[in-house]
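An overview of the molecular structure
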Amino acid sequence: DYDLIIIGGGSGGLACSKEAAALGKKVMVLDYVVPTPLGTSWGLGGTCVNVGCIPKKLMHQAALLGQALQDSRKYGWQYEQQVKHNWEIMVEAIQNYIGSLNWGYRVSLREKSVTYLNSYGEFIEPHKIKATNRKGQVSYHTAETFVLATGERPRYLGIPGDKEYCITSDDLFSLPYCPGKTLVVGASYVALECAGFLAGLGLDVTVMVRSILLRGFDQEMAEKVGAYMETHGIKFIRNLQIFIQVEQLEEGMPGRLKVTAKSTEGPEIFEEEYNTVLIAIGRDACTRNIGLETIGVKINEKNGKVPVNDEEQTNVPYVYAIGDILDGKLELTPVAIQAGKLLARRLYGGSSTKCDYINVPTTVFTPLEYGSCGLAEERAVEEYGKQNLEVYHSLFWPLEWTVPGRDNNTCYAKIICSKHDNNRVIGFHVLGPNAGEVTQGFAAAIKCGLTKELLDETIGIHPTCGEVFTTMDITKSSGQDITQRGC
Amino acid sequence: GKNEYDLLIIGGGSGGLACAKEAAKFGRKVAVLDYVEPSPQGTKWGLGGTCVNVGCIPKKLMHQAALLGSAIKDAQHYGWNIAQPVHHTWSVMAQAVQNYVKSLNWGHRVQLQDKKVKYFNMKGSFSDPHTIRGLTKAGKETIVTAENIVIATGGRPKYPMHVAGALEYGITSDDLFWLKESPGKTLTPFVFNVSLECAGFLTGIGLETTVMMRSIPLRGFDQVSTQMASLVTEHMESYGTKFLKRCFPTKVEKLESNRLQVTWKNTDLRTEVTDSFDTVMWAVGRAPDTETLNLETVGVKTNSETGKIIVDASEATSVPHIYAVGDITEGRPELTPTAIAAGKLLAQRLFGQSSELMDYDNVPTTVFTPLEYGCVGLSEEAAVQCYGSDNIEVYHAYYKPLEFTVAERDAAQCYMKMVCLRERDQRILGLHFIGPNAGEVIQGFALGIKCGATYPQLMKTIGIHPTCAEEITKLHITKDSGLDATVTGC
């Protein structure tokens, strides 16, 4: 019946569908949200819009505004000392905005004549899917080409009490009551970002980390992110913990939970009471129950993700995949969107442009933000060899932090250059306010072959944080002190 | 006889200090003279020049104070309970800012000391091409000789001398940042961006502020587009700054209450209006500080119109061994980072066997108005003039910062445009961005332009989500198409 059926109405799926429809094709999108164990669900748009980037950044902003309120007094603003945060007001405002986005997507699909089904899609035979809606009504649809864009959902601990009493990011952003004293389990960027804004809103937050922070990211930067959070009141439990159970002491909104865990080092038992336990230990691809075996699409058994070639094609020629479910690719909204658009253009627009996954910039929106593009230092050392690299670095003090007397010698900038390639910048890292805004332009420059020389030749905008990259003189190898002492 | 110093610099501002410290690195004997002639209102300050004392630094801090005012409003939408009333106290802010500036003055003195650069708090003038006469405040004279001399005396705000009472009763940016008490209801007749930035933060901290302008705003920035300038002022109008357009002041008088009465004419209506203000702040341009240098004695040529010192690509003046850097030089941008870079490179050429010249192309800048405007490269007008409108393509977008949504803030003037060459590789000629953190957004893209970035390369760059900057990597609607340029983030 259709030229293209896309399973999953998230960042990737919607971008692909709209592009294909614009090229004149008959397109269907299926989107269905299986409720969380606690019953949370949401509308069209996928993870980013509903339980990812958007609500995350808005709550992060709420926390930053809390900090701004503190700063403002030093800048002459005066108002009553007691300032408290109302969780419900924030969640309502954020959910209203998300609701408008859900609505906007539905309108947008309608305008572009993309058929949208709020149904769970699964393959029953080659080129054919069965769609089941919330009421259990079933319909069948066929298409020449299929795109899998079902994304992921948070993983649970697999211990007694986890699904009954714990929440995940899927629940947090629409939680109708303040989470209170919270234990965040995990050291992913989801864990750290959530812990960060919860603490910023005034809550008592503990992060339980099994080993390292931000696996996959530059570890020097990851440690600095964590150190800043610790300095600002977030507790970290770093010794290895094996979870035993989560019990409910008292029901409520929030209730009271008792967490019991054991250290891997010795016989000590850890026991503590929290109002909320937020599990953020990773995400699993939604590929196990959509009938992929029926049509022979291979998945990576270890992580459930879908291996594809450089044109996002699976081992079954008429089935493609984009977004978070891809094996070995970055789990980012803009990557999914770009891949989806380009796929549609290649399928129907006569284009041959493939998605460029090299040097994709990212930002972790922790209390002190971390932006990066290119290689982590340890990866660069592995790939190029330490002697073939020059690492320039600098501490900096944002001008806006001077008057309120905020952390000096904490914000940090680092670039990794390849000596034998004209000192080309192969790694860019910045820890500071507005890290995303700072990093974006540099990512474009790196795409254009940025070198240290070009950095030195470029004039900085004064006074900004970003300008620090135009005046970096000190190398790690020189061992010189980078402590700042004024303008 | 032998000259006392290898390098003598007149002017301890951004350019002068950078040059001095760089030269000292090469083991040279360096001296800096810095002297601040008090403003007509009597304001003076320490070592560091305009940027540190009466420019970028206090300006951005007061801008931050205003931004925090908006943050307090936003915070309430995000769930923060703030008891009214909320008000701003000038003296708390001013003292904090002034204290920080003083710490920088101190820091500079320590740095010069550490680097063994001799510092004279004296006003310098030429006796001959290698001799400077320094005069302290008390009138004590010192003669200093040097092999090379760099003039980096910068500029000072002008007064509109044809307006009666302008000098006696008005202040300038030289005074604004050092006021101990609130300027109150302020009028700022202006031509250049300094005034818009000041009017912006004065409005932001709750003061009744009026900007008076005869013609278009933001002149003096070659790269500034008229369209961008209009958006910036439009925003300020909705923000609360009053604009008196097509007006110019004729006289300022003092009232018995000690307030100021200003009379002005409206060029269209040909009427004369008066109103009273607490403060009148002039921002009608800056004049190069060369009058007392005695340049004629040594023959250093200046531009007859602007009075600025004429230099070549190596910062050399018409007299051998005499150089000039910074705001004092003709045809250069009046920016701190360019002065610093020029000063450093000059020292490296003089003493470090370098031959690298300063590159003044594609210098990025930002105007720190309540809604900031950052740009790099050519304005749309300049590109059209240079290449012809058929040969350029302008991509643009009206966007809404995510943080504005919950805050219920109007994003009508959040706008960006990119000017590209149409032919061949579609090289990016200019990028203009209005929105929060414009400086941070533009900095990296300035690097991109330095690398010769093209439109296709920008489109291949993946965005960081959610940010404002990512919209630049998604620009696809052209002005030519006539299509609605409003983009939705997600």
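All residue numbers here refer to positions counted from 1 along the written sequence of the relevant chain. Naming scheme: in the order in which they are written, chains are lettered from A and ligands are numbered from 1. Predicted model: local features are reported for residues with pLDDT of at least 70 only, side-chain atom pairs are reported and counted for 80 or more only, and whole-chain, interface and lining totals are derived from all residues. Only hydrogens and water are set aside; all other atoms, that is, all heavy atoms of the structure, feed into the side-chain values.

**Describing the overall build of chain B**
Going by this rule: Put simply, DSSP H or I for four residues or longer makes a helix, DSSP E for two residues or longer makes a strand, and each gets a number counted from the N terminus. We compute the radius of gyration from the C-alpha atoms alone; for a globule the expected value is 2.2 Å times N to the 0.38, where N is the number of residues. Think of it in three bands: with a 1.4 Å probe and only protein chains considered, a residue is buried below 20% of the maximum accessible area for its type, exposed above 50%, and partly exposed in between.
Of the regular secondary structure elements, chain B holds 14 helices and 23 strands. Rg of the C-alpha trace for chain B: 24 Å, near the compact-globule value of 23 Å for 490 residues, within the 12% margin. With the C-alpha coordinates aligned to their principal axes, the bounding extent of chain B is approximately 75 × 65 × 50 Å. Looking at chain B residue by residue over its 490 residues, the buried ones come to 59%.

**With respect to the packing of aromatic side chains**
Our working rule: A pair of aromatic rings is counted whenever rings of Phe, Tyr or Trp (Trp by its six-membered ring) have centres within 6.5 Å, and the orientation is called stacked for planes under 30 degrees apart, edge-to-face for over 60 and tilted otherwise.
Within this structure, the stated rule accounts for 14 aromatic pairs over all chains. Judged by centre distance (5.1 Å) and plane angle (55°), the ring pair of A:Phe442 and A:Phe469 falls under tilted. Within this pair, whereas A:Phe442 is found in helix α13 (residues 435-447), its partner A:Phe469 is found in the segment after α14 (452-457), the two being separated by 27 residues in sequence. Taken individually, A:Phe442 and A:Phe469 each receive the classification buried, so the pair is uniform in this respect. Seen from their ring centres, B:Tyr399 and B:Phe433 are 5.6 Å apart, and the 25° between their planes marks the pair as stacked. One end of the pair, B:Tyr399, is in the loop between β21 (392-398) and α12 (402-407); the other, B:Phe433, is in strand β23 (residues 428-434), with 34 residues separating them in the sequence. A relative accessible area of 4% places B:Tyr399 in the buried class. Three or more aromatic residues joined by ring pairs make a cluster, and in this case those are A:Phe123, A:Phe146 and A:Tyr318.

**Structural notes on the pairing of strand β14 (residues 260-266) of chain B**
Residues and elements named next belong to chain B. The line we're drawing: The pairing criterion is simple: DSSP has to find at least two bridges between the two strands.
Counted residue by residue, β14 has five buried out of seven residues, so it is predominantly covered. Where strand β13 (residues 247-254) hands over to β14, the hairpin turn is made up of five residues, of which asparagine 258 adopts a positive phi near 80°. Looking at chain direction, β14 and strand β15 (residues 271-277) are connected through seven bridges and run antiparallel. In the strand pairing of β15, leucine 260 is matched with phenylalanine 277.

**Brief notes about the sheet that holds strand β16 (residues 279-280) of chain B**
Two modes of strand pairing occur in sheets, parallel and antiparallel, and in both the strands are linked by backbone hydrogen bonds. Ordered in space as β12-β11-β10-β16 (chain B), the four strands form an open sheet in which the pairing is parallel. What marks the edges here is a single partner per strand, and that holds for β12 (242-245) and β16 of chain B.

**Some remarks on the domain arrangement of chain B**
All names here are of chain B. To keep things clear, this is the line we draw: Note: domain ranges come from an automatic or database domain assignment. We call two residues in contact whenever any of their non-hydrogen atoms come within 4.5 Å of each other. Take the accessible area each of two parts loses on contact, using a 1.4 Å probe, and add the two losses: that sum is the buried area. Side-chain classes are defined by residue name, with Ala, Val, Leu, Ile, Met, Phe, Trp, Tyr, Cys and Pro counting as nonpolar, Asp, Glu, Lys and Arg as charged, and the others, Gly among them, as polar.
Domain parsing of chain B yields domain 1 (5-157 + 287-352), domain 2 (158-284) and domain 3 (371-481). A C-alpha centroid distance of 26 Å is found between domain 1 and domain 2. In this complex, domain 1 contributes 26 residues to the contact, which on the side of domain 2 involves 25 residues. Each partner contributes to the roughly 2,300 Å² buried at the junction of domain 1 and domain 2, and carbon and sulfur atoms together form 63% of this total. Mapped by element, the contributors of at least two residues to the side of domain 1 that touches domain 2 are α2 (49-54), α3 (56-77), α4 (90-114) and β9 (155-157). Looking at side-chain class alone, the side of domain 1 that touches domain 2 contains 13 nonpolar, ten polar and three charged residues.

**Some details on the nonpolar core**
Let me state the cut-off plainly: Throughout, nonpolar core names a set of buried Ala, Val, Leu, Ile, Met, Phe, Trp, Tyr and Cys residues whose side chains join them through atoms within 4.5 Å.
Ranked by internal contacts, the top residues of the largest apolar core, which has 201 residues, are A:Leu450 and A:Phe469. Looking at this core, the element that brings in the most residues is α3(B), giving ten residues. Beyond its immediate stretch of four places on either side in the chain, A:Leu450 contacts A:Arg424, A:Val425, A:Phe442, A:Ala445, A:Leu455, B:Leu447 and B:Cys451. B:Ala23, B:Val30, B:Ala152 and B:Ala342 belong to the second-largest nonpolar core, a separate cluster that totals 27 residues.

**Here we look at the interface of chain A and chain B**
Selection rule: Salt bridge criterion: a side-chain nitrogen from Lys or Arg within 4 Å of a carboxyl oxygen from Asp or Glu. In protein, a polar contact requires one atom able to donate a hydrogen and another able to accept it; more generally it is a pair of N or O atoms within 3.5 Å, and residues adjacent in sequence count only if both atoms are side-chain atoms.
At the interface, 81 residues of chain A touch 82 residues of chain B. Summed over the three residues of chain A that lose the most area to chain B, namely A:Trp77, A:Glu437 and A:Ile459, the buried surface amounts to 11% of that side. Where chain A touches chain B, the interface holds three salt bridges. Note that A:Glu400 is salt-bridged to B:Lys60, the shortest N-O span being 2.6 Å. Across the chain A-chain B interface, the total number found is 23 residue pairs in polar contact (both at pLDDT 80 or more). Broken down by element, the side of chain A that touches chain B gets its largest block of residues, 14 residues, from helix α3 (residues 53-74) of chain A. Note that strand β4 (residues 84-85) of chain A and strand β3 (residues 80-81) of chain B share two bridges and pair antiparallel.

**Details of the domain arrangement of chain A**
Residues and elements named next belong to chain A. Split into domains, chain A comes out as domain 1 (2-151 + 286-349), domain 2 (155-281) and domain 3 (368-474). Its C-alpha centre places domain 2 at a distance of 31 Å from the equivalent point of domain 3. Opposite the nine residues of domain 2 that make contact, domain 3 presents 14 residues. Three residues, Asp218, Met221 and Tyr228, lead the burial of domain 2 against domain 3; their summed loss comes to 54% of the area buried on that side. In this structure, the connection of domain 2 to domain 3 is made through two salt bridges. Our count for the domain 2 to domain 3 interface comes out at six residue pairs in polar contact (both at pLDDT 80 or more). When the residues that make up the side of domain 2 that touches domain 3 are grouped by side-chain class, the tally is four nonpolar, two polar and three charged.

**So, unusual backbone geometry**
At the junction of A:His462 and A:Pro463, the peptide bond is cis and its omega measures out at -5° in the coordinates. With respect to the element layout, A:Pro463 can be found in the segment after α14. Residue B:Pro85 is reached from B:Gln84 by a cis peptide bond, and omega for that bond is 0°. Phi at B:Glu408 takes a positive value of approximately 55°, unusual for a residue other than glycine.

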